[in-house]
Amino acid sequence: MKIRTKLLLAMGSISLIPPIAAYIALINNPRISFALRMNQYETQQGIIAEQLQADLSVIGSAIEESLTETYRIRVEPKEREDAERQRRLANSAVHSGVVAFEKDLDTITRSSAQQEQESSAAKQPADGVDQRETQLLKDIRDSLPHLKSNAERVIQLSDTFSKSEGEFVQEVFEPEVGEKLGGIVQELAREAAQGAGEDRRNIEIALSQSYKESTLVVLLGMGVSAVLAAVISRAVIGPIQKLRDAAHQLGHGKMDTRILLHSRDELGELAGSFNLMADNLTKLMEERGQAQNELTGAHEKLKNSMGELESRNREAGTLSEMADLLQSCFTLEEASGVIASSAQKLFQGFSGALLVFSASRNVLEATTTWGPSSPAERVFSPNDCWALRRGRLHPSSSDDGAVRCSHLGPVSRLPSLCTPLMAHGETLGILCLVTEPNGSVGGQPSISEVNLKLAVSVAEQAALSFANLKLREKLRYQSVRDPLTGLFNRRYLDESLERELPNAIRKNRCLGVIMLDVDRFKRFNDTFGHDAGDTVLRELGDYLAKFIRRGDLACRYGGEEFTLILPESSLEDTRRRAEELRTSFQQLSIKHRDIVLGKVTLSLGVASLPDHGTTAVELLAAADGALLRAKEDGRDRVLVAEVASNCSQ
């Protein structure tokens, strides 16, 4: 679009200001605004007056329904319950109609008060319609107490089934409410409609006068705008066209473009500003090229930083997942597998191994390895690892002078990292990482600082997990093992019988039980001391652990009493095994502090499933009874509990 056209459009736009101003003045005309507000009040009051009529109609209809239901109660006793319910609903509707009438009356009263207040503020005297409306509202307000009392009276007469209810409605309620009050409300509605009509006529008169004034203002403004447009167009078009051409050339990259305009008006200043802008723009373009290069470098750094941050986030997620999985592991093998899986994700380009101390703590053994260049030695001495010697992580580079751990192999020159697994002040093993060969001529890169920190984090998690597993295993061992003899305790015996007995009964198999006691055990304690008694019990525990078959169960029942559980052993097999145990154990020579304690004999009681019962209590009681009889009959013997039936194989 040409500048001349734009300028003419601008002038045309300016010429629109007068009509717009006239329109605004028309809209903001106080006479029109006042008439509009008065019309709004009158319209609202007319609507509420009609609502008051509707409320009175609802009240009358509800009273008629109440009278009808009262009559139905008298003439139709069978329908009394339904009629009574409908009557109560009608009375409730009467009360609700009175409340709604009072609420609508308050609303129209407030509207009338606001209308009167605005009329006073605008110094507009109230006309005859407004005065009549005010008087009618006062009459309705004065009649409201009578309406309430008459409605309550009707409800009271209805609730008491009074025969005078109909007379009261016809003689009192309908004349005062239906005729008198209804007539006042109807007249109020007519007055509100008449007032709204007068307000609309006032609005039309004010609009007509404002239209004439606005037309004169618009015509005058358009004439002035046309003259201004012609003058400005002639004085401005030429210089602006020069500015347009110069800007067009500058926009196409001709940075040496300048405007030769020597006028002293604003256009001359604009030309000077354009020339200054072109000089600055040339300088900025040069600086922009330099900044672009710097920004490119910064972008690359930021991209690298974002990649590193994403890598750290992935590593943190992997560490968190590893810690969560380690908490759910039950064995050292499970934990080692979780650590190996996580280490392969965390240390890409590395092979590795996880090694822990053996029970004797004289060697380290690999629990898991991964990668093609994992450490050569799977079992080695702690002295072969510099990390264990120094008590902290030990990295080694590919340089010839680097100090390497000997367990990595004599020919290995790959960068490696050994990190001790330490928890609660105890060294449990090491985490060993070795870089995988990449085939580059310049040698293997050294291990980064990030990998060092990550290795420490993984080692800490692994050490805590191993320590917890060892502690858990120790606690489990202590919970089911007798600390003196190393045999299972009474608690484990009860749990095992609860598991074995249903299985044997279901498969129709026998199960033997042997209860045994050390004869004259108190003599050992009294003669040689309690340490000697403990020695006898330890020796007996060791002998029982060797004597039983695989699948049998030996437990310390309590004190010097022990119990053997022999699955799939008939009563005769159990008795024979008990006799073998008695004769073989008394041949042992038990020493305590180089003192031979003498011959130790055993008394044994034998019971079997299903001969002596089908529950743990029955079998243990039967075997214990047989043991008691064996001790009473002279000790050093095997007695079988009384057999109820033979057990078939």
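Reference entry: report on the structure contained in this document. (Residues numbered from 1 in each chain as written. Predicted model: local features only at pLDDT ≥ 70, side-chain atom pairs only at ≥ 80, totals over all residues. Heavy atoms only, no water.)

1. Digging into the pattern of salt bridges
For clarity, the cut-off: Each reported salt bridge corresponds to a side-chain nitrogen of Lys or Arg within 4 Å of a carboxyl oxygen of Asp or Glu. The helix and strand labels rest on DSSP assignments: H or I over at least four residues marks a helix, E over at least two residues marks a strand, and numbering proceeds from the N terminus. To sort residues, take the accessible area from a 1.4 Å probe on protein chains only and compare it with the maximum for the residue type: under 20% means buried, over 50% means exposed, and anything in between is partly exposed.
Overall, the coordinates contain 16 salt bridges when judged by the stated rule. Residues Lys138 and Asp142 are paired through a salt bridge, measuring 3.3 Å at the closest nitrogen-oxygen approach. Taken together, the positions of Lys138 and Asp142, both in helix α5 (residues 128–159) and 4 residues apart, correspond to about one turn of that helix. The closest approach of N and O atoms between Arg582 and Asp636, which form a salt bridge, is 2.9 Å. Of this pair, Arg582 sits in helix α14 (residues 571–585) while Asp636 sits in the loop between α15 (616–632) and β13 (638–640); the two residues are 54 residues apart in sequence, bridging distant segments of the chain. A relative accessible area of 12% means that Arg582 is categorised as buried. The class for Asp636 is partly exposed, based on a relative accessible area of 24%. Salt bridges sharing partners connect three or more residues here, namely Asp573, Arg576, Arg577 and Glu580.

2. Section: the nonpolar core
Within soluble globular proteins, side chains that are nonpolar tend to cluster in buried spots. Our working definition: Take the buried residues of types Ala, Val, Leu, Ile, Met, Phe, Trp, Tyr and Cys, join any two whose side-chain atoms come within 4.5 Å, and each joined set is a nonpolar core. A contact between two residues is defined here by any heavy atoms of the two lying within 4.5 Å.
Formed by 32 residues in total, the largest nonpolar core has its most connected members in Ile339, Phe347, Leu421, Leu433, Val458 and Phe466. At the level of elements, α7 (266–327), α8 (332–346), β1 (350–357), β5 (416–423), β6 (426–435) and α10 (449–480) are the ones that each hand at least two residues to this core. If one sorts the elements of this core by residue count, α10 sits on top with 10 residues. Other than its neighbours up to four places away in sequence, Leu433 contacts Phe347, Phe350, Ser351, Gly352, Trp370, Pro415, Ser416, Leu417 and Ala455. Within the second largest apolar cluster, 31 residues are counted, among which are Ile48, Val154, Phe173 and Ala189.

3. A word on a nonpolar patch on the surface
Here is the rule we go by: For patch detection, residues must exceed 30% relative accessible area and be free of salt bridges, and they are connected within 9 Å for like charges or within 5 Å for nonpolar side chains (Val, Leu, Ile, Met, Phe, Trp, Tyr). Reported accessibility uses the Shrake-Rupley method at a 1.4 Å probe radius. Residues are deemed covered only where the shown protein chains occlude them.
Taken together, the side chains of Leu220, Val224 and Leu228 present a nonpolar region at the surface, about 290 Å² in accessible area. Considering the arrangement of structural elements, one finds Leu220 in helix α6 (residues 165–251).

4. Quick notes on the side chain of Ser342
Its location among the elements puts Ser342 in helix α8. Overall, the relative accessible area of 7% leaves Ser342 in the buried class. If we ignore the near neighbours within four places in the chain, the residues touching Ser342 are Thr318 and Met322.

5. Topic: the packing of helix α13 (residues 530–547) against α14
Where we set the bar: Axis geometry follows a simple rule: fit a line to the C-alpha atoms, using only the stretch in contact for helices, then measure angles between N-to-C directions, giving values from 0 to 180 degrees. Roughly parallel here means an angle under 35 degrees, roughly antiparallel means over 145, roughly perpendicular means 65 to 115, and every remaining angle is called oblique. Two helices that cross are described as forming a left-handed crossing if the nearer one is turned anticlockwise from the farther one by less than a right angle, and a right-handed crossing if clockwise. Each residue is assigned to one class: nonpolar for Ala, Val, Leu, Ile, Met, Phe, Trp, Tyr, Cys and Pro, charged for Asp, Glu, Lys and Arg, and polar for all the others, Gly among them.
Packing of α13 against α14 brings their axes to within 12 Å, and their N-to-C directions diverge by 135 degrees. Classified by the angle their axes make, α13 and α14 are oblique. For α13 against α14, the interelement crossing comes out right-handed. Seen from α13, the contacting residues are Glu539, Leu540, Tyr543, Leu544 and Phe547; seen from α14, they are Arg577, Glu580, Leu581, Ser584 and Phe585. When its residues are assigned to classes, the contact of α13 with α14 shows 6 nonpolar, 1 polar and 3 charged.

6. Details of the packing of aromatic side chains
The following threshold applies: Aromatic pairs are defined between Phe, Tyr and Trp rings, using the six-membered ring for Trp, whenever the two ring centres lie within 6.5 Å; interplanar angles under 30 degrees are classed as stacked, those over 60 as edge-to-face, and all others as tilted. Any Lys NZ or Arg CZ that is within 6 Å of a ring centre and within 35 degrees of that ring's normal is treated as a charge sitting over the ring.
Applying the stated rule across the entire model yields 4 aromatic pairs. Seen from their ring centres, Phe488 and Tyr492 are 3.9 Å apart, and the 15 degrees between their planes marks the pair as stacked. Here the aromatic rings of Tyr543 and Phe547 are separated by 6.2 Å at their centres, their planes lie at 20 degrees, and the arrangement is stacked. Here the residue Tyr543 and the residue Phe547 both occupy positions in helix α13, the gap between them amounting to 4 residues, near one helical turn. Each residue in the set Tyr543, Phe547 and Phe585 is aromatic and connected to the rest through ring pairs, giving one cluster. The ring of Trp386 is capped by Arg389, whose NZ or CZ atom sits 4.6 Å from the centre of that ring. Sitting above the plane of the Phe547 ring, Arg577 keeps its charged end 4.4 Å from the centroid.

7. What to know about the state of the cysteines
Cut-off, in case you're wondering: Pairs of cysteine sulfur atoms within 2.5 Å are identified as disulfides in what follows.
Tallied over the full model, the rule gives 0 disulfides. No disulfide involves Cys405; its sulfur sits 3.8 Å from the nearest other cysteine sulfur, which is in Cys418. With no disulfide of its own, Cys432 lies closest to Cys418 among cysteine sulfurs, the gap being 3.8 Å. Using a relative accessible area of 0% as the deciding quantity, one classes Cys432 as buried.

8. Some remarks on unusual backbone geometry
Across the junction of Leu609 and Pro610, the peptide omega takes the value 10 degrees, indicating a cis bond. Positionally, Pro610 belongs in the loop between β12 (602–609) and α15. The residue Asn508 is not glycine, and still its phi comes out positive at about 60 degrees. On the secondary structure map, Asn508 appears in the loop between α11 (490–506) and β7 (511–518). With relative accessibility at 65%, the residue Asn508 sits in the exposed group. Here the phi dihedral of Asp636 falls at roughly 50 degrees; this positive angle occurs in a residue that is not glycine.

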